[in-house]
Amino acid sequence: MIEKILPSRVAVAEAFSDLPDAVLLPGEEELTRGFVAKRRGEFATTRHCARRALGSLGIAPVPILKGERGAPIWPERTVGSLTHCTGYRAAAVAHRTDVFSIGIDAEEHAPLPGDVHNSIALATEQRRERELRREHPEIHWDRLLFSAKEAVYKAWFPLTHRWLGFEEADIELRLDGSFTAELLASDPVPATGTGSEAVPAAFHGRWLAEKGLVLTAIVVGNAPGAPRGMGA
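Predicted, not measured: the structure shown is a model, and the values here were computed from it.

1. Observations regarding unusual backbone geometry
Working step 1: Unlike most non-glycine residues, arginine 69 shows phi in positive territory, near 55°.
Working step 2: Mapped onto the fold, arginine 69 is located in the loop between helix H2 (37–55) and strand S2 (78–85).
Working step 3: A relative accessible area of 57% places arginine 69 in the exposed class.
Working step 4: Although it is not a glycine, histidine 161 adopts a positive phi angle of roughly 55°.
Working step 5: Topologically, histidine 161 is positioned in the loop between helix H5 (141–160) and strand S5 (169–173).

Have a look at this one:
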């Protein structure tokens, strides 16, 4: 499903439940120590999806360990992103020669709980949401905004190794299934391992609401002639 909002140069694999044949490789076992069975199943299935996606790029199965701030460590010369929520697990990967960074996120298509919305949404975002809700009240725009912010962070962190707060991305969701995230970090940050260009001032992504889920995806492109931050 998530392939609908990702470019063809990104390989994906997904599952809608935990897979009985999903196994943990050496090093991953240690990461799940203390997990309850449900959390361990999510972790194993998401890693299984990652290895399937990497396999389609011709890369042999490897452990997907955790690095700084829990970010997944990908094989050399690859980039990727993982996500899981109730009823969905997915991985998206690409060769670093094609893509600088990927951010994907999946959430249940339901309202955000409690006061979470006020804690993550800027005043400008809340104003736009009200307008979108009038046209399409069947979409939980608050949850979609949260998902987009998660995707932004996942695309941002591998390029900068810096935290990005919810308030540091102003996201404009559009009815055509696209969104733009204006990055409000206080100073420009050079990308790491991707050349001398700075991280773009905005990321462009795609979203999808389908089968009880909301999905968001951002790809920061490295294809010849591709705009940086192109979502699809």
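2. Details of the nonpolar core
Working step 1: The biggest cluster of nonpolar side chains holds 31 residues, and the ones touching the most others in it are Val152, Trp156, Ile171, Leu173, Phe203 and Ile218.
Working step 2: Mapped by element, the contributors of at least two residues to this core are H5, S5, strand S6 (178–183), strand S7 (202–210) and strand S8 (213–221).
Working step 3: Ranked by residues supplied to this core, first place goes to H5 with twelve residues.
Working step 4: Leu6, Ile102, Ala106 and Leu215 belong to the second largest nonpolar core, which has 20 residues in total.

3. Here's the deal with the layout of surface pockets
Working step 1: Its volume calculated, the largest pocket comes out at about 1,000 Å³.
Working step 2: Lining the largest pocket are 43 residues; nearest its centre among them are Gly70, Ala71, Pro72, Lys154 and Phe157.
Working step 3: Of all the secondary structure elements, the ones that give two or more residues to the lining of the largest pocket are H2, S2, strand S4 (99–108) and H5.
Working step 4: Top contributing element to the lining of the largest pocket by residue count: H5, with eight residues.
Working step 5: Of the residues that constitute the lining of the largest pocket, the class distribution is 19 nonpolar, 13 polar and eleven charged.

4. With respect to the pairing of S7
Working step 1: The pairing of S6 with S7 spans five bridges and is classified as antiparallel. In the strand pairing of S7, serine 178 is matched with arginine 206.
Working step 2: With six bridges connecting them, S7 and S8 associate as antiparallel partners. In the strand pairing of S8, alanine 209 is matched with valine 214.

5. Considerations on the sheet that holds strand S3 (residues 88–95)
Working step 1: If you walk across this open sheet you meet the three strands as S1-S3-S2, and the pairing is antiparallel. Each edge of the open sheet carries a strand with a single partner, namely strand S1 (11–15) and S2. Averaged over all pairs of adjacent strands, the angle between strand axes in this sheet comes to 10°, irrespective of strand direction.
Working step 2: Sheet analysis places S2 next to S3, joined by eight bridges and oriented antiparallel. Pairing of threonine 78 across the sheet is with histidine 95, part of S3.
Working step 3: Strand contacts of H2: S1, S2 and S3, with the helix running at about 30° to S3, the strand carrying the most contacts.

Each value, and the rule that gives it
- Residues numbered from 1 in each chain as written.
- Predicted model: local features only at pLDDT ≥ 70, side-chain atom pairs only at ≥ 80, totals over all residues.
- Heavy atoms only, no water.
- Helix = DSSP H or I, 4+ residues; strand = E, 2+ residues; numbered from the N terminus.
- Buried < 20%, exposed > 50% of the residue type's maximum accessible area, 1.4 Å probe, protein only.
- Core = buried A, V, L, I, M, F, W, Y, C linked by side-chain atoms within 4.5 Å.
- 1 Å grid on protein atoms, 1.4 Å probe; cavity = no way out; pocket = protein on both sides within 12 Å on 5 of 7 lines; lining within 4 Å.
- Points joined across faces, edges and corners; volume = space filled by probe spheres on them.
- Nonpolar A, V, L, I, M, F, W, Y, C, P; charged D, E, K, R; others polar.
- Pairing = 2+ DSSP bridges.
- Axes fitted to C-alpha atoms, helices over the stretch in contact; angles between N-to-C directions.
- Contact = heavy atoms within 4.5 Å.

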